[in-house]
Amino acid sequence: MSVIGELIVSALILIGTFFLLVGSIGLAKLPDIMRRLHGPTKATTLGIGAMLVASILYVAFSGAGVSLHEILITLFLFLTAPVSAYMIAKAHILRSKPTQENLPATGRRAGWATLHRAPPAKPAPHPEPGAGRTPT
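Owing to the predicted nature of the structure, the values given are computational and were not obtained by experimental measurement. (Residues numbered from 1 in each chain as written. Predicted model: local features only at pLDDT ≥ 70, side-chain atom pairs only at ≥ 80, totals over all residues. Heavy atoms only, no water.)

## Looking at the packing of helix α3 (residues 38-61) against helix α4 (residues 68-95)
Between two packed helices, the angle of one axis relative to the other and the distance separating the axes together describe the packing. Direction vectors running N to C along α3 and α4 enclose 175 degrees, while the axes themselves pass 10 Å from each other. Considered as vectors, α3 and α4 are oriented roughly antiparallel to each other. Only E70, I71, I73, T74, L77, F78, A81 and A85 of α4 make contact with α3, whose side of the interface consists of T41, T45, I48, G49, L52, S55 and I56. Looking at the contact of α3 with α4 residue by residue, the classes come out as nine nonpolar, five polar and one charged. (Axes fitted to C-alpha atoms, helices over the stretch in contact; angles between N-to-C directions. Helix = DSSP H or I, 4+ residues; strand = E, 2+ residues; numbered from the N terminus. Parallel < 35°, antiparallel > 145°, perpendicular 65-115°, else oblique. Contact = heavy atoms within 4.5 Å. Nonpolar A, V, L, I, M, F, W, Y, C, P; charged D, E, K, R; others polar.)

Below is the structure:
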């Protein structure tokens, strides 16, 4: 492996380590669950992503070709992290009445907690048969 390749891989490992550390500290130190979501979903995803790119480049620079395992892990990580964060946030909103009360209005009949059904809309009145016709 060339010196340039080693420097790139080392830099990616250091960047990944920094983001993993920041994400872990955020998960441990932030006060409530809605703020704690940003630690593992934002910073840690970037950290693991940088580590996986470093692994892909290391294998490629070593002459062994491109590893499919790291690419699949990266794809799985970037697809599942936002979905899991969304589900945790939605569950928190559904279970926490104070959080629901502090949210801004949605502009719809239904609020943020979509499991609560909105009251049904009044049906539009049907016109009388023959109404709106002009006599001929």
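## Considering the UniProt feature "transmembrane region" (unreviewed entry) in the chain
Within the UniProt annotation, "transmembrane region" (unreviewed entry) is assigned to residues 6-31, 43-65 and 71-89. Summarising residues 6-31: 92% helix, 0% strand, and an end-to-end C-alpha distance of 39 Å. Between the C-alpha atoms that bound residues 71-89 there is a distance of 28 Å. The span itself is 100% helix and 0% strand. (UniProt positions renumbered as here; feature names shortened; annotations may be inferred.)

## Overview of the packing of aromatic side chains
The way to describe two aromatic rings as a pair is by their centre distance and the angle between their planes. Tallied over the entire structure, the rule returns one aromatic pair. Between F18 and F19 the ring centres are 5.6 Å apart and the planes differ by 65 degrees, which places this aromatic pair in the edge-to-face class. Note on F18: relative accessible area 51%, which makes it exposed. (Phe/Tyr/Trp six-rings, centres within 6.5 Å; stacked < 30°, edge-to-face > 60°. Buried < 20%, exposed > 50% of the residue type's maximum accessible area, 1.4 Å probe, protein only.)

## What about α3?
Compared with an ideal rise of 1.5 Å per residue, which puts 24 residues at 34 Å, α3 spans 33 Å between its outermost C-alpha atoms and is within 8% of the ideal. Roughly 35 degrees is the biggest bend found in α3, and it falls at T44. If you check which residues of α3 are buried, you get G39, T41, A43, T44, T45, G47, G49, A50, L52, A54 and I56. Its buried side turned inward, α3 meets α1 (3-29), α2 (33-36) and α4. Remark: G63 follows α3 within two positions and exhibits a positive phi of approximately 95 degrees. (Expected span 1.5 Å × (residues − 1). Bend = angle between axes of the 7 residues up to and from the residue.)

## Notes on the environment of L27
Along the polypeptide, L27 turns up in helix α1. Note on L27: relative accessible area 44%, which makes it partly exposed. Apart from residues lying up to four places away in sequence, L27 is in contact with R36, G39 and P40.

## Details of the packing of α1 against α3
With their axes 7 Å apart at the nearest point, α1 and α3 run at an angle of 160 degrees to one another. By the angle between their axes, α1 is roughly antiparallel relative to α3. Where α1 crosses over α3, the handedness of that crossing is left-handed. Looking at the contact of α1 with α3, its residues break down into 20 nonpolar, eight polar and no charged. (Left-handed = near helix turned anticlockwise from the far one by under 90°.)

## Topic: a nonpolar patch on the surface
Taken together, the side chains of M1, V3, I4, L7, I8, Y58 and F61 make up a nonpolar region of the molecular surface, amounting to roughly 680 Å² of accessible area. When contributions to the nonpolar patch are tallied by element, the ones reaching two or more residues are α1 and α3. Sorting elements by how many residues they give to the nonpolar patch places α1 first, with four residues. Relative to the helices and strands, F61 is located in helix α3. (Patch = residues over 30% accessible without salt bridge, like charges linked within 9 Å, V, L, I, M, F, W, Y side chains within 5 Å. Areas by Shrake-Rupley, 256 points an atom, 1.4 Å probe, with all protein chains shown as cover. Salt bridge = Lys/Arg side-chain N within 4 Å of Asp/Glu carboxyl O.)

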